[in-house]
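# Overview (structure and organization)
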Amino acid sequence: DTGVSQDPRHKITKRGQNVTFRCDPISEHNRLYWYRQTLGQGPEFLTYFQNEAQLEKSRLLSDRFSAERPKGSFSTLEIQRTEQGDSAMYLCASSAIPGNTEAFFGQGTRLTVV
Amino acid sequence: AQSVSQHNHHVILSEAASLELGCNYSYGGTVNLFWYVQYPGQHLQLLLKYFSGDPLVKGIKGFEAEFIKSKFSFNLRKPSVQWSDTAEYFCAVSPLRGSYIPTFGRGTSLIVHP
């Protein structure tokens, strides 16, 4: 499968714990996006990378959220000191160099904070 | 920043009925427009896209959408829905300047009764 891959698919964690999600984009895609989706809402943009550079991170929900894409390939999203309000689906998408191109989404990681 | 408004949050139809889902966006510049679909338990998939040219675009599974620039609208249509069209539908807009980040509407839940 050469699509966008996310791991894990599901994560249950206790409040206060740290979690890390991984995203492997389509291999030739330069752009990688992270979104969050809650029930009854559309994907909400969090951050994005162009190659290894994180070009926008002001929309990360708090300073507990951070993302990396160290070699311009896979990316990780970390949430520190999780809270119940962090429970959501976290989506990763990738696209080719921006212009007339669409984003391709992974299956998402569903986080439940108990 | 751009925003996307989807007017219908929940739509229930019988098979063979016609479908039209509204989408309006706010952005002063040129945009790319998308409709994505999310079938139960699956990831977001591209249904159709508009980049330029003919404002009436056709997508997969008999869907089409019309871009009306003067109304900032990109409504999705299908003349005859099937039970298998039951899904969440998301309209998205990506500006063709600056960050190119796709922004999504909150989605429309479509249920088609057999």
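Everything here concerns the structure above.
About the thresholds
- Residues numbered from 1 in each chain as written.
- Chains lettered and ligands numbered in written order.
- Predicted model: local features only at pLDDT ≥ 70, side-chain atom pairs only at ≥ 80, totals over all residues.
- Heavy atoms only, no water.
- Helix = DSSP H or I, 4+ residues; strand = E, 2+ residues; numbered from the N terminus.
- Rg over C-alpha atoms; globule rule 2.2 N^0.38 Å.
- Buried < 20%, exposed > 50% of the residue type's maximum accessible area, 1.4 Å probe, protein only.
- Contact = heavy atoms within 4.5 Å.
- Areas by Shrake-Rupley, 256 points an atom, 1.4 Å probe, with all protein chains shown as cover.
- Lys, Arg positive; Asp, Glu negative; His and termini not counted.
- Charge placed at Lys NZ, Arg CZ, Asp CG, Glu CD.
- Buried area = accessible area lost by both parts, 1.4 Å probe.
- Salt bridge = Lys/Arg side-chain N within 4 Å of Asp/Glu carboxyl O.
- Polar contact = N/O pair within 3.5 Å; in protein donor to acceptor, adjacent residues only side chain to side chain.
- Disulfide = S-S within 2.5 Å.
- Phe/Tyr/Trp six-rings, centres within 6.5 Å; stacked < 30°, edge-to-face > 60°.

Let's shift gears to the overall build of chain A. Looking only at helices and strands, chain A features zero helices and 11 strands. Taking 2.2 N^0.38 as the reference for a compact globule, 114 residues should give roughly 13 Å; the C-alpha atoms of chain A span a radius of gyration of 13 Å, in line with that estimate. In terms of its C-alpha atoms, chain A occupies a principal-axis envelope of roughly 40 × 25 × 25 Å. Of all 114 residues assigned to chain A, the portion counted as buried reaches 46%. Partitioning the contacts of chain A with sequence separation of at least 6, the portion at a separation of at least 24 is 52%. A total accessible area of about 5,800 Å² is found for chain A, and carbon and sulfur atoms account for 44% of it. Positive and negative charge centroids in chain A, built from 14 and 13 side chains respectively, lie 6 Å apart.

Turning next to the interface of chain A and chain B. It is common to give the size of an interface as the accessible area lost on bringing the parts into contact. Listed per partner, the contact involves 21 residues of chain A and 20 residues of chain B. Summed over both sides, the interface of chain A with chain B buries roughly 1,700 Å², with 55% coming from carbon and sulfur. Joining chain A to chain B, the criterion identifies one salt bridge. Here E102 of chain A makes a salt bridge to K49 of chain B, at a shortest N to O gap of 3.0 Å. On the surface where chain A and chain B come into contact, there are seven residue pairs in polar contact (both at pLDDT 80 or more). Of all the elements in the fold, those that place two or more residues in the side of chain A that touches chain B are β4 (31-37) and β5 (44-50) of chain A.

Once that is clear, we can look at the state of the cysteines. In the structure shown here, the tally under the stated rule is two disulfides over all chains. Across a sulfur-sulfur distance of 1.8 Å, C23 of chain A and C92 of chain A are joined as a disulfide pair. Its S-S torsion of approximately -65° makes the covalent link between C23 of chain A and C92 of chain A left-handed. Of the two residues, C23 of chain A is situated in strand β3 (residues 19-24) and C92 of chain A in strand β9 (residues 88-95); the sequence distance between them amounts to 69 residues. Judged on exposure class, the residue C23 of chain A and its partner C92 of chain A are both buried. Note that C23 of chain B is cross-linked by a disulfide to C91 of chain B, the S-S spacing being 1.9 Å. Between C23 of chain B and C91 of chain B the disulfide shows an S-S torsion of about -65°. By sign, it is left-handed. Here C23 of chain B, found in strand β4 (residues 23-26), pairs with C91 of chain B, found in strand β10 (residues 87-95); they are 68 residues apart in sequence, far enough to count as distant. Here C91 of chain B falls in the buried class, since its relative accessible area comes to 0%.

Another aspect to go through is the packing of aromatic side chains. Across all of its chains, the model carries 17 aromatic pairs over all chains by this definition. An angle of 50° between the planes, with centres 6.1 Å apart, marks the rings of F45 of chain A and Y48 of chain A as tilted. Each member of the pair F45 of chain A and Y48 of chain A is classed as buried. Ring centres 4.8 Å apart and planes at 40° place the aromatic pair Y50 of chain B and F67 of chain B in the tilted group. Of the two residues, Y50 of chain B sits in strand β6 (residues 45-50) while F67 of chain B sits in strand β8 (residues 64-68), which places them 17 residues apart along the sequence.

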